[in-house]
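What follows is the residue order along each chain.
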Amino acid sequence: MAEAGVFADQLSGLPEKILAFNKAVTSKVPIAQTPKEVVWTLNKAKLYRYVPVVPEAKRQKIPLLLVFALMNRPYILDLRPGHSFVEFMVQQGYDLYLLDWGAPGPEDKNLKFDDYTLDYMPRAIRKMKAVSGSKEFSMLGWCIGAILATVYSSLRPDDGLRNLILLTAPLDFSNKQGITFGKWVDEKFFDVDKVLAATGNMPGEMIDYGARALKPVENYVLNYLKLWDNLENPNVVEAWKAMNTWVTDNVPLAGGAFRQLVVDLYRNDRLMRGEWMIRGERVDLSRLRADLLTVIAEGDHITPPCQSEAVLSRVGSNDKEVFRVPGGHIGIMAGSAAHKLTWPHIDGWLRPRSQ
Amino acid sequence: MADERAPNGKDFDPMGGFREARDNYLDAWAKTMVEAVNSDAYAKASGAVLDTYLSASSPFRETLEKAMLHALQQLSMPSRADFISLAERMTNIEMKLDDVDAKLDEITRPAAKPAGPKTRTAARGKRKGAK
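Everything numeric here is computed off the predicted structure, so don't read it as measured data. Residue numbers restart at each chain and count upward from 1, following the sequence in its written direction. Working convention: letters from A go to chains and numbers from 1 go to ligands, in the order in which they are written. Residue-level local features of this predicted model are given only where pLDDT is at least 70; pairs of side-chain atoms are given and counted only at 80 or more, and the full residue set underlies all totals for whole chains, interfaces and linings.

Draft legend 1. Main features of the overall build of chain A. Tallying secondary structure elements over chain A gives 14 helices and 10 strands in all. Radius of gyration (C-alpha) of chain A: 21 Å, near the 20 Å computed for a compact globule of 355 residues. Across its three principal axes, chain A shows a C-alpha extent of roughly 75 × 60 × 35 Å. For chain A, the proportion of its 355 residues judged to be buried stands at 45%. A run of H or I in DSSP becomes a helix once it reaches four residues, and a run of E becomes a strand once it reaches two; helices and strands are each numbered from the N terminus. Atoms counted for the radius of gyration: C-alpha only. Globule rule: 2.2 Å times the number of residues to the power 0.38. A residue is called partly exposed when the number of other C-beta atoms within 10 Å of its own lies between 12 and 20, exposed at 12 or fewer, and buried at 20 or more, with C-beta atoms placed from the backbone.

Shown next as structure tokens:
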């Protein structure tokens, strides 16, 4: 009888649970709360400086620039108070800057990696140096941001870059069987010019579909079941809502950059083969001399570990380290264990190199 | 309330068994689907679907674009191409302004040098305070 009573209780609470679920799925939460100011803009790009909370005498001397991917909002780095890499690093005394690429419009469909690495990044970095008063700087690139950071560091090795941190960096495209995206954009199946002729830029929704379709059951079913099963737990619900706010806030990828990503990298692996030309300059990884930390997510399905491992043997850096973290592409930086594992390791590596 | 607890002391959950079976099934399904999307067959099928959609929608899109362009011309209104051209010019102007900003930073930097880092810090603090 007791079993029937509990079951009846659960059934009677079902309408309320459905309402709560619907509210959680459809509502947005405040994100990117760490105070910041805009110090530079160009087209849609903005350079933010986070307001320091540590007295100047105790701050790290070398500023840190965060470069995120082109097709997602960078506030995953500053998701919500208490669960923010940005907030953590500011509290550790770093003079922190974030390069936000913004959302490209139809007028930006021809933007390429050439423009991002040789027009936007040098200008943003110049401004960061002027504001911070430091000739040297550190840079952290995540995902496509890691490609941009690597290309910039190889093309401009004398621009003052002292430390480079690459997170889940898709640099090596030689393992055709291990990279699912690579199969999808194979020239036998995917006509990149036809897609871009119709869309101009690669729509954010298509990129989002691609990322989710890599693990369809996890992303389309289990993700929502996790919320359903934990509706009574406010911590889980808040974390879920913040992540869902970020995941559903899609940004298109400039057509020119998307074409390069598909043709030059996924299909022809030109970066690792030393054949990638950026505005007439060959990207030579051996010219990259900054101290290098590569962070690899062992369970990454978007950038499998095989894409990030080979870079260490190609760069000219004397000081280089690889750090493997259990977790997925986003989870290693924004998951519940990030503040115990990834963030302290990055801080521990960077701190002595920022004096 | 005591009889609503299972022998192991945990709250009794009549749906527990169902949930466990559900999770096991979904785990198995998830693994199968990951393998499926990583196959050449899936890449071929998704490519074919996308190609069919683009081929089918292309005539409509082109017709609509031509009609829209014609309508805008008749109304003496700027087209998307006009706006794109304008936006590109704006970006070029922004770059020129950024070059000027860089030169200004270079000019002002030597002037700040003799003051030394301590004075510069004080001046920054003053500006913030003034706000």
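Draft legend 2. Representation of the overall build of chain B. In terms of helices and strands, chain B carries 4 helices and 0 strands. Each helix and strand of chain B, placed in order from N terminus to C terminus, yields the pattern α-α-α-α. Residues classed as buried in chain B amount to 1% of the 131 residues present.

Draft legend 3. Spotlight on the sheet that holds strand β2 (residues 45-50) of chain A. Residue and element names in this part refer to chain A. Pairing between strands requires that DSSP locate at least two bridges from one strand to the other. Read from one edge of the open sheet, 8 strands run β1-β2-β4-β3-β5-β6-β9-β10, paired in mixed fashion. With partners counted over all chains shown, the strands left at the sheet margins are β1 (36-42) and β10 (320-325), one partner each. On average, each strand axis in the sheet is tilted by 20 degrees relative to the strand beside it, whichever way the strands run. Looking at chain direction, strand β9 (residues 291-297) and β10 are connected through 6 bridges and run parallel. The residue of β10 that forms the bridge with T294 is V322. C-beta atoms are first placed from the backbone for all residues, and any pair lying within 7 Å is then listed as a contact. Each axis is a line fitted through C-alpha atoms, taken for helices only over the stretch in contact, and angles between the N-to-C directions span 0 to 180 degrees. The sheet strands contacting helix α5 (residues 144-155) are β3 (64-67), β5 (137-142) and β6 (161-167), and the helix crosses β5 at an angle near 140 degrees. Across the face of the sheet, helix α14 (residues 342-350) comes into contact with β5, β6, β9 and β10 while running at roughly 170 degrees to β10.

Draft legend 4. Seen up close, the packing of helix α7 (residues 192-199) of chain A against helix α2 (residues 40-74) of chain B. Interaxial distance between α7(A) and α2(B) falls to 11 Å at its minimum, and their mutual angle equals 35 degrees. As for the relative orientation of α7(A) and α2(B), their crossing is left-handed in sense. Across the interface between the two elements, K194(A), V195(A) and A198(A) of α7(A) pack against L54(B), S58(B) and R61(B) of α2(B). When residues are grouped by polarity, Ala, Val, Leu, Ile, Met, Phe, Trp, Tyr, Cys and Pro land in nonpolar, Asp, Glu, Lys and Arg in charged, and all others, Gly among them, in polar. In terms of residue class, the contact of α7(A) with α2(B) is made up of 3 nonpolar, 1 polar and 2 charged. Rotating anticlockwise by less than a right angle from the far helix to the near helix defines a left-handed crossing, while the corresponding clockwise rotation defines a right-handed one.

Draft legend 5. Fine view of the interface of chain A and chain B. Contact residues are listed per partner, giving 32 residues for chain A and 32 residues for chain B. Counting residues per element, the ones that place at least two in the side of chain A that touches chain B are α1 (2-12), α4 (113-132), α6 (180-184), α7 and α9 (216-229) of chain A. Its residues placed into classes, the side of chain A that touches chain B shows 17 nonpolar, 4 polar and 11 charged.

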